[in-house]
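Listed here are the chains, written in short residue letters.
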Amino acid sequence: MKCADTVHSTSHDGSLQLSWLARLIDAHAPEEVAEAIAALVQARPGCIAAGVLWGVDEVVAAPGMPPTLFTAAPFAAADGPWLGAARHADGPHWHPDRQRVAIRLCSQPEPAVLLLQLQPAHADAGFFAELEAPLQLAGQHLRRALEWAELQDSHEQLERSENLQRALFAISDLAGSERDMPAMLRGIHAIVSTLMYAENIFIVMHNAEQDTIRFLYYVDVEDPRVPGDGLDMPLSAIEYTLTWYVICDGKARMGNADELRSQAAGPVAQIGPDSTDWLGVPMLRDGQLGGALVVQSYRPDIGFSDEDLTLLEFVGSHILTALERKQGKEDLEQRVQLRTRQLAEANRGLQLEIVERQRAEHLQAALFQVAELATADIGQDAFYRRVHAVVGELLNAENFFIGLLSDERQRLTFPYSVDAVLTPPAERALGRGLSEYVLRLGRTLCVDNADIEELERRGEIAPGRMNSPAMYWLGVPLIVGDEVIGLVAVQSYRPDVVYGVADQELLGFVASQIANSLTRRRSAESLKRAYEQLEHRVEERTLALRKEISERERMQDQLRHQVMHDSLTGLPNRGYLRDRIDRVLASMQRGSQQRCALLYLDVDRFKIINDSLGHLAGDEVLKEVARRLAGCVRHPDLVARLSGDEFAILLEQDDLPAAAIAVAQRVLDALRAPMPVAGKELQVTASVGIAIGDDHYATADEVLRDADIALYRAKELGRKRYELFDETLAKNVVDVLTLEGELRQALQHDQFEPYFQPICALDGSDRVVGFEALIRWNHPRRGVLRPGDFLKIAEDSGLVEAIDWRMFELSCRRLQQLGRSDIFMTVNVSALHLRHADFDRHLVQLLERTGLAPSRLVMEVTEGALLDNPERVRATLERLRAIGIGAALDDFGTGYSSLSYLHSLPLRILKIDRAFVQELDKGANTSSTTVVAAILALARALNIQVIAEGIETPTQRDALMAMGCEMGQGYLLGRPAPIAQWREPRTVDA
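As the structure is a computational prediction, the values presented were derived from the model and not from experiment.

**Let's talk about the sheet that holds strand 11 (residues 288-297)**
Right, on to step 1. The strand order across the open sheet formed by six strands is 8-7-6-11-10-9, and the pairing between neighbours is antiparallel. Both edges of this open sheet fall to strand 8 (233-234) and strand 9 (253-255), since each of them pairs with a single strand only.
Right, on to step 2. By the bridge criterion, three bridges tie strand 9 to strand 10 (residues 277-285) in an arrangement that is antiparallel. Within strand 10, the position partnered with M254 by the bridge is L279.
Right, on to step 3. The strands touched by helix 5 (residues 181-195) within the sheet are strand 6 (200-207) and strand 7 (212-219), with strand 7 carrying the most contacts at an inclination of about 65 degrees.
Right, on to step 4. Taken strand by strand, helix 6 (residues 242-249) contacts strand 6, strand 7, strand 9, strand 10 and strand 11, and its axis lies near 30 degrees from that of strand 10.

**Structural notes on the packing of aromatic side chains**
Right, on to step 1. Per the counting criterion, the structure on display carries 17 aromatic pairs.
Right, on to step 2. Seen from their ring centres, F752 and F790 are 5.9 Å apart, and the 45 degrees between their planes marks the pair as tilted. Pair noted here: F752 is in strand 25 (residues 752-761) and F790 is in the loop between strand 27 (783-785) and helix 19 (791-797), with a separation of 38 residues, a long-range link. Grouping residues by exposure puts F752 and F790 together as buried.
Right, on to step 3. Here the aromatic residues F383, Y384, F400 and Y416 are joined through ring pairs into a cluster of three or more.
Right, on to step 4. In this structure, R908 packs its charged tip against the face of F824, placed 5.8 Å from the ring centre.

**Let's talk about a nonpolar patch on the surface**
Right, on to step 1. Judged by side-chain polarity, L527, Y531, L534 and V538 come together as a nonpolar surface patch covering roughly 350 Å² of accessible area.
Right, on to step 2. Considering the arrangement of structural elements, one finds L527 in helix 12 (residues 501-564).
Right, on to step 3. We classify L527 as partly exposed; its relative accessible area is 38%.

**Concerning a negative patch on the surface**
Right, on to step 1. On the surface, E150, D153, E156, E159 and E162 cluster together into a negatively charged patch.
Right, on to step 2. Checked against the element boundaries, E150 lands in helix 4 (residues 132-176).
Right, on to step 3. For E150, a relative accessible area of 44% corresponds to the partly exposed category.

**Some details on the pairing of strand 18 (residues 596-603)**
Right, on to step 1. Of all eight residues in strand 18, eight are buried, a share of seventy percent or more.
Right, on to step 2. By the alternation rule, side chains of strand 18 split into C596, L598, Y600 and D602 and A597, L599, L601 and V603, which are all buried.
Right, on to step 3. Bridge count between strand 18 and strand 23 (residues 686-693): eight bridges; the pairing is antiparallel. For L598, the partnering residue across the bridge sits in strand 23 and is A691.
Right, on to step 4. Both strand 18 and strand 20 (residues 646-651) contribute to a ladder of six bridges, which runs antiparallel. In the strand pairing of strand 20, A597 is matched with L651.

**Section: the layout of surface pockets**
Right, on to step 1. Each pocket or cavity is described by its volume, and for the largest pocket that value is around 890 Å³.
Right, on to step 2. Lining of the largest pocket is provided by 34 residues; of these, E772, L774, P787, L791 and N828 occupy positions nearest its centre.
Right, on to step 3. Among the secondary structure elements, those contributing two or more residues to the lining of the largest pocket are strand 26 (768-779), helix 19, helix 20 (800-818), strand 28 (824-828) and strand 30 (886-892).
Right, on to step 4. Here the lining of the largest pocket is built from residues that sort into 14 nonpolar, eight polar and twelve charged.

**A closer look at the packing of helix 13 (residues 574-589) against helix 17 (residues 700-716)**
Right, on to step 1. Where helix 13 contacts helix 17, the axes come no closer than 8 Å and their chain directions differ by 110 degrees. Overall, the two elements helix 13 and helix 17 adopt an arrangement that is roughly perpendicular. Listed contacts from helix 17 to R574, L577, R578, I581, D582 and L585 of helix 13 are A700, D701, V703 and L704.
Right, on to step 2. Taken together, the residues that form the contact of helix 13 with helix 17 break down as six nonpolar, no polar and four charged.

**Considerations on the sheet that holds strand 12 (residues 400-405)**
Right, on to step 1. Pairing is antiparallel across the open sheet formed by six strands, whose spatial order is 14-13-12-17-16-15. Each edge of the open sheet is held by one strand with a lone partner, namely strand 14 (427-429) and strand 15 (445-448). Going across the sheet, the axis of each strand differs from the next one's by a mean of 20 degrees, ignoring polarity.
Right, on to step 2. Note that strand 13 (residues 411-418) and strand 14 share three bridges and pair antiparallel. Counterpart to L412 in the pairing with strand 14 is R428.

**Focus: unusual backbone geometry**
Excluding glycine, a negative phi dihedral is what most residues carry, and trans is how most peptide bonds are arranged.
Right, on to step 1. Each neighbour pair has its own omega, and for Q108 with P109 the value is -5 degrees, a cis peptide bond.
Right, on to step 2. A cis amide bond links H635 to the next residue, P636, at an omega of 5 degrees.
Right, on to step 3. Within the secondary structure, P636 is located in the loop between helix 15 (615-630) and strand 19 (638-643).
Right, on to step 4. Positioned with a positive phi, R98 is a non-glycine residue whose angle comes to about 60 degrees.
Right, on to step 5. Note that R98 resides in the loop between strand 3 (93-94) and strand 4 (100-106).
Right, on to step 6. On the basis of relative accessible area, R98 is assigned to the partly exposed category, the value being 45%.
Right, on to step 7. At Y240, a residue that is not glycine, the phi angle is positive and equals roughly 70 degrees.
Right, on to step 8. On the secondary structure map, Y240 appears in the loop between strand 8 and helix 6.

**Overview of the state of the cysteines**
Each disulfide is one covalent bond, formed between the sulfur atoms of two cysteines.
Right, on to step 1. Taken as a whole, this structure holds zero disulfides when the rule is applied.
Right, on to step 2. Note on C760: no disulfide assigned, nearest cysteine sulfur contributed by C965 at a separation of 12 Å.

**Side note on the pattern of salt bridges**
Right, on to step 1. A complete count under the given rule lists 45 salt bridges for this structure.
Right, on to step 2. R641 is the salt-bridge partner of D566, the closest N and O atoms lying 3.0 Å from each other. Here D566 is found in the loop between helix 12 and helix 13, whereas its partner R641 is found in strand 19, with 75 residues between them in sequence. Each member of the pair D566 and R641 is classed as buried.
Right, on to step 3. Between R767 and D763 there is a salt bridge, and its shortest N-O distance comes to 3.7 Å.
Right, on to step 4. In this structure R767 comes out as partly exposed when scored by relative accessible area, which is 43%.
Right, on to step 5. Among the charged side chains, a network of salt bridges with common partners joins E772, E860, K911 and E949.

Analysis parameters
- Residues numbered from 1 in each chain as written.
- Predicted model: local features only at pLDDT ≥ 70, side-chain atom pairs only at ≥ 80, totals over all residues.
- Heavy atoms only, no water.
- Pairing = 2+ DSSP bridges.
- Helix = DSSP H or I, 4+ residues; strand = E, 2+ residues; numbered from the N terminus.
- Contact = heavy atoms within 4.5 Å.
- Axes fitted to C-alpha atoms, helices over the stretch in contact; angles between N-to-C directions.
- Phe/Tyr/Trp six-rings, centres within 6.5 Å; stacked < 30°, edge-to-face > 60°.
- Buried < 20%, exposed > 50% of the residue type's maximum accessible area, 1.4 Å probe, protein only.
- Lys NZ or Arg CZ within 6 Å of the ring centre and 35° of its normal.
- Patch = residues over 30% accessible without salt bridge, like charges linked within 9 Å, V, L, I, M, F, W, Y side chains within 5 Å.
- Areas by Shrake-Rupley, 256 points an atom, 1.4 Å probe, with all protein chains shown as cover.
- Salt bridge = Lys/Arg side-chain N within 4 Å of Asp/Glu carboxyl O.
- Lys, Arg positive; Asp, Glu negative; His and termini not counted.
- Charge placed at Lys NZ, Arg CZ, Asp CG, Glu CD.
- 1 Å grid on protein atoms, 1.4 Å probe; cavity = no way out; pocket = protein on both sides within 12 Å on 5 of 7 lines; lining within 4 Å.
- Points joined across faces, edges and corners; volume = space filled by probe spheres on them.
- Nonpolar A, V, L, I, M, F, W, Y, C, P; charged D, E, K, R; others polar.
- Parallel < 35°, antiparallel > 145°, perpendicular 65-115°, else oblique.
- Disulfide = S-S within 2.5 Å.

As structure tokens, this is what we get:
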């Protein structure tokens, strides 16, 4: 909001009008035009105050006006609607007090309003008669002034944007320039200085992984010392400083010392002299903090604005990017330089290696030649001459000889020698010459005249050097194993032919080959004789090996048969069958019209045979089954034993599935015949699953899987039958897997809920005395599911115990929420729980968590659970009774030995099976009536309570009441429902 102060004037003559017009023409800024307008109106008689208001998008309250304007009658917040309406009025818009009036001067580029306060005598339309033309002119001038000001503001904003853009381009150019990092940082400092006051600036880089900082650039006129000397230091070194706060929380800060302290969340530590104004911003890249950029001023006349803060934040991110680019470029250059040096070193090494390799190849070639000479079919003299020629290619060998010790090692022979001055004799006795010195020490000797004289002086060799005038002498011993057999020597009579270390190595390599070659040639004759003997032995061994190979092939065939066949029945095994099926399927894929069928068999109740008669008898049964199955097929059909009591028959016929069904029926008939085993005649049956193999099968495992699914279906339908696989069976298997996964999800998302069926007193009142907790599954798609829809799958998948424990806890908590302590609850416990010795301990812990009294809980067990391990079950129920938890025997009367449990188990309740209760509708003289009466009499004698299950008609209830049954449950008395339905006390309507 902008306004012009009130201007007081009392002159209204023509000269004042001309003066005002001149002033209006000279005015360019909106404020100057507004002051001229206010001066014109203020000079009119009856005007108390005048002012111009513009630049508001909403109505502005009186406190926003300068205190010098309208001091006689300041605006209040209630004047807002009046001012808002004046902006859109075409003429003077009076205030309700009839002393103030607002006139719109212009509406573009923003509304401007002339505000007047008039004396009551002049507060009418006549006041504006002479002002209409001047105000219209003034309004046009004010509109142009506002447009000009707005244009100037846009120009300044554009200029600032261009400066910023140039600065960012300059920063980017610096990052890509050839300047080093210090020069680049100085360039960045100069660029920032063009945007704001930046005489004192520093850039701090932060390493988040190591939690360290570095003052990468630092310029301060008051404190020139760089913190940390420009090296990495821990962030904690500047803890609680303003820079530390900026880096830690990533927020910019600006102001003097007091303002900055108020912006800090903790104490503020100061390093260096205090600044008059301080501005620090985080340098961010993709939201990640990379450091901080700080400028500060020690001059009281220079400070920083919000615009500087915004600008520095924007520039800071680009500086961080430029620094990282520069740092990355320098790192890359350093790596390139390092790699260049490494490559240069490697190249030098390679050059040396090439030279050494060429030398080694030359030496290797020479050694190969010597080695070839050892086996060449040439005479001894030719051998020595060629050896001499090879050595001559490696070093100067104008004077060369080979000396060998005699067999008695008393004489030295020279089988080959070439010498320009003094040729050695064919042989001589051992003396004390240079050759004997080498033979004695067994190592290379390279000497010149001075060395030879020193050896003579020390007495190592005889004086006179055997009359040899050689200036340089090099001798290498010939060693085989640990024995010296002779030497090779070269000598020079010229000062320009000198032997060095390389020559010693070369002659040493050649000497080792010569020694080996001599040894091989010496042993060649013995080897020849040995070859003749070896050939004879090879012939003998060849005959033995042929016999051994034949035996091994026989054993391999036997082993292959054992690997691919069952050891008990001799039938092919699963691996053989899979390989055969894969071959048939491959033939189908190649376009063959061949089809196959797989019959998957399982001997029914085979475990009972093993457990009753023993495994030996079971093996006899399996062998007989295998024999009978083999009699049911023809070539090329295959009978295989897969594992245990599982067999398979692979049919390769055309009339499928009819032929497969016929074979399956033939198998069932063959196995149905009595089977004498272990002195007994057994009636063995089997279940068969059939899968028809066609070209939609890719692997044998898929065929086996579908046949197994059909077998499983045959078992479900009562065994002793066959089932043919179809897509329905596959879908059912998939549904079972899906339901199993959904059961696991149900446990995780708590989708199970106990439903409570009331147990009522059969005394005519039908009052609820207890509940049976029954599980329900609130399926997200299928609605509420009963136990029959999922309990079997839960048992097969091993989830039933976890589901039961969840139900136990939920049921106890729901019963506690009912608010009645006189009602008990029964829950069903499967045999799986009673197999755990610590079942009662876990149950007690559950009651402690839920707060339910033990006496209110009754565990229902079936006779099937008691058959598993009666002693363990009895001990568990005894421990439960000791703490107050009762036991109920469910479905009483339908098991194998119900009466035997009554005196051996600590039972609190008997539950009469619904099969007996349903028969009570047929009259009073049925056998069920007699059984129920007997059960009631027995229970009364043993002091056991009785609950009749499945009461669905009044006749059933009345009959039970007449026989004295205490309690009952059924749809007549109440259906299972959530606990909320049973919160209020109720009786069942008869």
